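Summary of structural features
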Amino acid sequence: MKLMFRLKHHFFSAFRELFVHHHGSLEFRAKIFALVVAANEDATVENYVLIKNIGLELYKDDTDRANLLMLSSKELVKKVKENNGLDLDSLVLNIQKELKIVPRYAKKIDIDSLRKFLKFTYDNDTLAYQENILEFLQKIKNETLNNN
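The rules behind each value
- Residues numbered from 1 in each chain as written.
- Predicted model: local features only at pLDDT ≥ 70, side-chain atom pairs only at ≥ 80, totals over all residues.
- Heavy atoms only, no water.
- Helix = DSSP H or I, 4+ residues; strand = E, 2+ residues; numbered from the N terminus.
- Areas by Shrake-Rupley, 256 points an atom, 1.4 Å probe, with all protein chains shown as cover.
- Patch = residues over 30% accessible without salt bridge, like charges linked within 9 Å, V, L, I, M, F, W, Y side chains within 5 Å.
- Salt bridge = Lys/Arg side-chain N within 4 Å of Asp/Glu carboxyl O.
- Lys, Arg positive; Asp, Glu negative; His and termini not counted.
- Charge placed at Lys NZ, Arg CZ, Asp CG, Glu CD.
- Buried < 20%, exposed > 50% of the residue type's maximum accessible area, 1.4 Å probe, protein only.
- Polar contact = N/O pair within 3.5 Å; in protein donor to acceptor, adjacent residues only side chain to side chain.
- Core = buried A, V, L, I, M, F, W, Y, C linked by side-chain atoms within 4.5 Å.
- Contact = heavy atoms within 4.5 Å.

**Quick look at the overall build of the chain**
In terms of regular secondary structure, the chain is built from seven helices and zero strands. Shown N-terminal to C-terminal, the secondary structure of the chain runs as helices and strands in the order α-α-α-α-α-α-α. In the structure as shown, the chain presents an accessible area of about 9,000 Å², 52% of it carried by carbon and sulfur atoms.

Below you can see the structure in the form of structure tokens.
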């Protein structure tokens, strides 16, 4: 069973844009989750379980899509943590750029869902940083929605 999941994941990762309905929307959500999770250097598996659970709510119990959201987020967090061509600043710039191109994505920024990740943060400095990220996301969401 686990082997099949891995094969399916690698297949979808390679051809995600072709086979995943509304790929851009899912990737945008993954970037939002990754931004908040990667800000916590001590991110745990609970963060990814939470992403999956939020995905199940968003996608009406579509397990495959929720798993893909979780795995996409996890890949982005891994790139940030390994400094593999992505850092938090470039992730923020990428989110801003996508919002300018597709303003309706602003509706996909759910601050209440993102706030749930804060319960997995135990360092006060990291918590303050994540709260600043949430404030930034709320601000950019409001600005984007008000401009359109």
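**Looking at a negative patch on the surface**
A contiguous patch of negative charge on the surface is contributed by Glu41, Asp42, Asp123 and Asp125. Mapped onto the secondary structure, Asp123 falls in the loop between α6 (111–115) and α7 (124–147).

**Things to note about unusual backbone geometry**
One non-glycine residue, Asn83, lies in the positive phi region at around 55 degrees. With respect to the helices and strands, the residue Asn83 is situated in the loop between α4 (63–81) and α5 (88–101). According to the relative accessible area criterion, Asn83 is exposed, its value standing at 62%.

**A word on the environment of Ser113**
For Ser113, the location among the structural elements is in helix α6. Spatially, the C-alpha atom of Ser113 lies 9.2 Å from that of Leu50, the residues being 63 residues apart in sequence. A distance of 2.7 Å separates polar atoms of two side chains, one belonging to Ser113 and the other to Asp110.

**Some remarks on the nonpolar core**
Core analysis: the biggest nonpolar cluster contains 42 residues, and Leu35, Ile51, Leu99, Ile109, Leu114, Phe117 and Leu137 have the highest contact counts within it. Elements that contribute at least two residues to this core include exactly α2 (23–38), α3 (45–58), α4, α5, α6 and α7. The element contributing the most residues to this core is α2, with ten residues. Excluding residues that lie within four positions of it along the chain, Leu99 makes contacts with Phe28, Tyr105, Ala106, Ile109, Ile140 and Thr144.

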